Structures are given as structure tokens and as C-alpha cells.
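Examination of the molecular architecture
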Amino acid sequence: MADARDAKTILVTGGCGFIGANFVHLLLRERPAWRVLNLDALTYAGNLANVADVAGDPRYQFLRVDLTDAEALQRALAGVRPDAVVHFAAESHVDRSILGPEAFLKTNVNGTFHLLELVRKWPGCRHVQVSTDEVYGSLSDTDPRFCETTPINPSSPYSASKAAADLLVQAYHHTFGLDTITTRCSNNYGPYQFPEKLIPLMVINSLAGKPLPVYGTGRNVRDWIHVEDHCRGVLAALERGRSGEVYHFGGNAERANIDIVRQIAVTLTGSDALIQLVQDRPGHDWRYAMATDKSERELGWAPQWAFDAGLRATIDWYVQNRAWWQQILNKDYLIFYDKLYGGR
Ligand code: NAD
Ligand code: TYD
């Protein structure tokens, strides 16, 4: 990708989800000459409210398309020649992949395949595959952090489907010469995250006085990154990454789940009395941790948010945006909630 001042058309998939919406905001704010096409199926996780403030921007366009429908995808993008695709769209929740893996294969594997077939028809188009640390599997407390050459070893249907997509991207680079970049990131938190993931779930349950369900011992460890830091990393990889390479992003903030939940509970309720240890997630990965020195060296990227400040700002965002999450607490959400936590 050349100069940031050049006019570019960027196709963002999944731009109505958590990270995609934050990325759309970043692009429109920091790359004024660029045009953004947001392609999203609006699944349960996609929400037009996440991008409502940019809907009237002449540089922005929304396309409601399901990536699993190859013909609809081709029709919607006929005549479009993006300079780059940034592929966020996915089924993204591990617990849902345990309850129903099929949608993960359809969207994460077949959907990525359909997209790559289109990218092949757009000469010079760069494909950025937004992936996850979960493709590497699980670490013990003393293992070194994942690096870009760590062998892929996924353990959930979610991470297996993301790993399959990453391998397809790698194959399209080697076989067809596609200009690809794969980014892998640790657990994100921040505004617009759907309240099925740990941090927003614990925030809204604390606000509602509901139990805070912590799986197993609560000692599983994740590395937490603020979504803005992830999005800045994806943009840096898009603009400065070397073709065919993998880049890591992480927040340098490894925390045990129980410590985060306690921090949220105490902030919002003054005690940890709502915490309940519940039956563990099947196949629950113990620890994830990312080495990010390659991205720091090659992309000039580093996380800006300290975890405590980022968590505080995120809690404040959910407190100040009750209407946003209250409209999500509909019948489908409650059915899923009962199905998942009722059995634990
Ligand atoms: P999300 O679930 O919040 O959003 C996913 C978006 O994709 C939604 O807008 C949804 O409508 C859309 N989508 C789903 N299926 C689609 C389909 N078939 N066609 C078109 N659109 C579809 O997810 P997120 O947390 O924003 O994650 C975005 C990406 O980042 C995913 O690829 C995920 O694997 C990756 N990632 C997430 C995290 C994290 O902590 N959330 C960490 C590392 C990597
Ligand atoms: P999650 O946000 O689902 O992300 P991931 O599984 O992709 O890392 O979960 C983060 C951690 O929090 C994970 O170890 C599972 C745990 N967890 C709970 O203990 N209780 C919950 O209700 C949820 C949603 C997650």
C-alpha cells in the first residue's frame, strides 16, 4: 500500500461487529482520502448501531451480504475494485462454536474461501486476514509466548475454523501469488463488544445485579488488548506489512479471568459477592500469550493502552451506553444465555 494520502477503496468485512466497527471508525478518522465499503451479513453479532454515526459519510457505504452465499457476494461486488480487503467477518465466540460448530465452518472457512476467490480477480488487491492467537492452542503457565513461527494447534471448533481459514490464505499466497497479510491478536476489549464475551458480560451482569459466571477455577489466563490498539495494528500491517507474513498483536497484559471479574465487580458493586464458579468450558484453553516484537520492529507498532486504564474506560463506556446493550438483551440473547449458563 502506498501513501496514506492516496485515494483508496478498502473493503472491510464484518464492519458491524465489535472490532470491525472500531476499525471502520479508525479508517474514516485517520485516512480521510479513503473510501470504506462495509460488507456484513448482520448476524446476531452485527449491529448497525455500531456504525450509525458514520452512515451518512459520503466516503462510507454499507452492503448487507452473507459471505456464505458466493453468488450474492459476487453480485454485490460486481464492478467494485478494492485496493485492499480487511477480513474481520467471522463467527467469533468459542462457547457458541461448542454449542453449534456448523456456522463456524460455513462462515469462517467457506466464507473466507469465497472472498479469496474474488480477491484473485482484483489484481494488486491486498488481503488482510484478521486472525487470533487461539489458532496456536494452549500454553502452560511457564511456556514461552506464541511467536509467528509457533505451529498451529487449535483446540476449539472456533479456533480450528480460524486456523483453516489462515491456511487457505497462506495457500492462496503461495499458489496464486495473492498479496496477503495475516494478523493474529490476543483477547480484545473496548466499546461495542457483544455481551457474550467475558468483559462486557461481567460489566452488564454487575450492573443488573446478576451472577458473574466464572468457568472452572478462574485461573485461566488471557492477554488483553484494547480494541483501538488492535485496530491500529491491523492498519499498520495493511500499510507496511510484508506480503505473505504473519504479524502478532497483544496488550502485554496477561491476567487470570477471576482477577478481571473481581476488578469489574468491585468497581461496579463494591464487592465480589456476585461471582460464581461454574462448570468449566469443555476443552478450555489454559493460557494464551503473544510475542509482539516482530510487529514492533517491522510495523513500528506498540500498544498504547495500559490495561487498568483501558478496563476503566470500557466499564465507563458500558455505563454511559446502556441503551446500546439493552437493545441487545432481546429474546434470542436470553435463549442463548439460558442454553449456555443453564447447563453450567
Ligand atoms: P463479532 O462477532 O463481534 O463480529 C463479527 C461480524 O461479522 C458481525 O458484524 C457479523 O454480522 C459479521 N458476520 C458473521 N458472519 C458473517 C457472514 N457469513 N457474512 C458476512 N458477515 C458476517 O467479532 P469480533 O470480536 O469483532 O471479531 C472480528 C474478527 O477478529 C474475527 O475474525 C475474530 O476471529 C478476530 N479476533 C477477535 C478477537 C476478539 O477478542 N474478539 C481476538 C482476535 C481476533
Ligand atoms: P471469551 O471472552 O469467551 O474469549 P476466549 O474464550 O475467546 O478467550 O472468554 C475469555 C475467558 O473468560 C475464557 O478463559 C473463558 C472465560 N469466561 C468465563 O469464565 N465466564 C464467562 O461467562 C465467559 C463468557 C468467559
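Note: the structure precedes this text.
First things first, this report covers the structure right here in the doc. Source: prediction; values computed, not measured.

A separate point is the nonpolar core. The nonpolar side chains of soluble globular proteins are, as a tendency, buried together. Grouped together as the largest cluster of nonpolar side chains are 70 residues, with contacts concentrated most on Phe23, Val86, Ile199 and Phe249. Setting aside its immediate chain neighbours within four residues, Val86 contacts Ile10, Leu11, Val12, Thr13, Phe23, Val128, Val130, Val234 and Leu238. Of all hydrophobic cores here, the second largest spans 20 residues; its members include Leu37, Leu39, Leu63 and Leu77.

Moving on, we get to the sheet that holds strand β11 (residues 254–256). Taken in spatial order, the three strands of this open sheet run β7-β9-β11, and their pairing is mixed. A single partner strand is all that each edge strand has here, and the edge strands are β7 (187–189) and β11. With direction set aside, neighbouring strand axes in the sheet form an average angle of 50 degrees. Examined bridge by bridge, strand β9 (residues 221–226) and β11 share three bridges and lie antiparallel to one another. Across the sheet, the residue bridging to Arg222 is Arg255, located in β11. Sheet contacts for helix α7 (residues 227–240): β7 and β9; angle to β9, the most-contacted strand, approximately 75 degrees.

Right, let's get into the site of ligand 2. Contacts to ligand 2 come from 18 residues, most closely from Glu134, Arg222, Arg281, His284 and Tyr341. Residue Pro213 places a main-chain N or O atom 2.8 Å away from a nitrogen atom belonging to ligand 2. In the environment of ligand 2, an oxygen atom lies 2.8 Å from a nitrogen or oxygen atom belonging to the side chain of Arg222. Surface burial for ligand 2 is 97%, taken as the share of its 510 Å² of free accessible area covered by protein chains. Taken together, the elements giving at least two residues each to the shell around ligand 2 come down to α6 (198–208) and β8 (212–215). Counted by class, the shell around ligand 2 contains nine nonpolar, four polar and five charged residues.

All right, on to the sheet that holds strand β2 (residues 35–40) then. Spatially, seven strands are ordered β3-β2-β1-β4-β5-β6-β10 in an open sheet, and the strand pairing comes out parallel. Only two strands of the sheet have a single partner each, and these edge strands are β3 (60–64) and β10 (246–249). In this sheet, adjacent strand axes meet at a mean angle of 20 degrees when their direction is disregarded. In the sheet, strand β5 (residues 126–132) pairs with strand β6 (residues 179–185) via seven bridges, with the strands oriented parallel. Each bridged residue has a counterpart across the sheet, and for Thr132 the counterpart in β6 is Cys185. Lying over the sheet, helix α1 (residues 18–30) contacts β1 (9–13), β2, β3 and β4 (84–87), oriented at roughly 165 degrees with respect to β1.

Applying the stated criterion to the full structure yields 16 aromatic pairs. Each residue in the set Tyr44, Phe194, Tyr215, Tyr333, Tyr337 and Tyr341 is aromatic and connected to the rest through ring pairs, giving one cluster. Over the ring of Tyr337 we find Lys210; its NZ or CZ atom is 4.2 Å from the centre of that ring. Stacked on the ring of Tyr247, the Lys or Arg Lys294 has its end atom at 4.8 Å from the ring centre.

On to the pattern of salt bridges. Tallying each qualifying case throughout the model produces 18 salt bridges. A salt bridge links Asp166 to Arg184, with the shortest nitrogen-to-oxygen separation between them at 2.9 Å. Residue Asp166 is found in helix α5 (residues 157–176), and its partner Arg184 is found in strand β6; the two are separated by 18 residues along the sequence. The pair formed by Asp166 and Arg184 is uniform in burial state, with each residue classed as buried. Linking Glu298 and Arg242 is a salt bridge whose minimum nitrogen-to-oxygen distance equals 2.8 Å.

The local shell around ligand 1 holds 29 residues, among which Ile19, Asp40, Ser92, Tyr158 and Lys162 are the closest. At a separation of 2.8 Å, an oxygen atom of ligand 1 approaches a polar backbone atom of Ile19. Within the contact set of ligand 1, a nitrogen atom lies 2.9 Å away from a backbone nitrogen or oxygen of Leu67. Coverage of ligand 1 by the protein amounts to 97% of the 840 Å² it exposes when considered alone. No other element matches β5, which puts three residues into the shell around ligand 1. In terms of residue class, the shell around ligand 1 is made up of 14 nonpolar, twelve polar and three charged.

This paragraph deals with the pairing of β2. For β2, a buried count of five out of six residues is recorded, marking the element as mostly surrounded by other parts of the structure. As defined by bridge partners, β1 adjoins β2 across five bridges and the pair is classed as parallel. Along β2, the bridge assignment pairs Ile10 with Val36. In the classification by handedness, the crossover that spans β1, the intervening α1 and the parallel β2 is right-handed. Taken together, the five bridges between β2 and β3 define a ladder with parallel strand orientation. Considered in β3, the bridge of Leu39 is made with Leu63.

What counts and what doesn't
Residues numbered from 1 in each chain as written. Chains lettered and ligands numbered in written order. Predicted model: local features only at pLDDT ≥ 70, side-chain atom pairs only at ≥ 80, totals over all residues. Heavy atoms only, no water. Core = buried A, V, L, I, M, F, W, Y, C linked by side-chain atoms within 4.5 Å. Buried < 20%, exposed > 50% of the residue type's maximum accessible area, 1.4 Å probe, protein only. Contact = heavy atoms within 4.5 Å. Pairing = 2+ DSSP bridges. Helix = DSSP H or I, 4+ residues; strand = E, 2+ residues; numbered from the N terminus. Axes fitted to C-alpha atoms, helices over the stretch in contact; angles between N-to-C directions. Near = heavy atom within 4 Å. Polar contact = N/O pair within 3.5 Å; in protein donor to acceptor, adjacent residues only side chain to side chain. Areas by Shrake-Rupley, 256 points an atom, 1.4 Å probe, with all protein chains shown as cover. Nonpolar A, V, L, I, M, F, W, Y, C, P; charged D, E, K, R; others polar. Phe/Tyr/Trp six-rings, centres within 6.5 Å; stacked < 30°, edge-to-face > 60°. Lys NZ or Arg CZ within 6 Å of the ring centre and 35° of its normal. Salt bridge = Lys/Arg side-chain N within 4 Å of Asp/Glu carboxyl O. Right-handed = clockwise from strand over helix to strand, strands pointing away.

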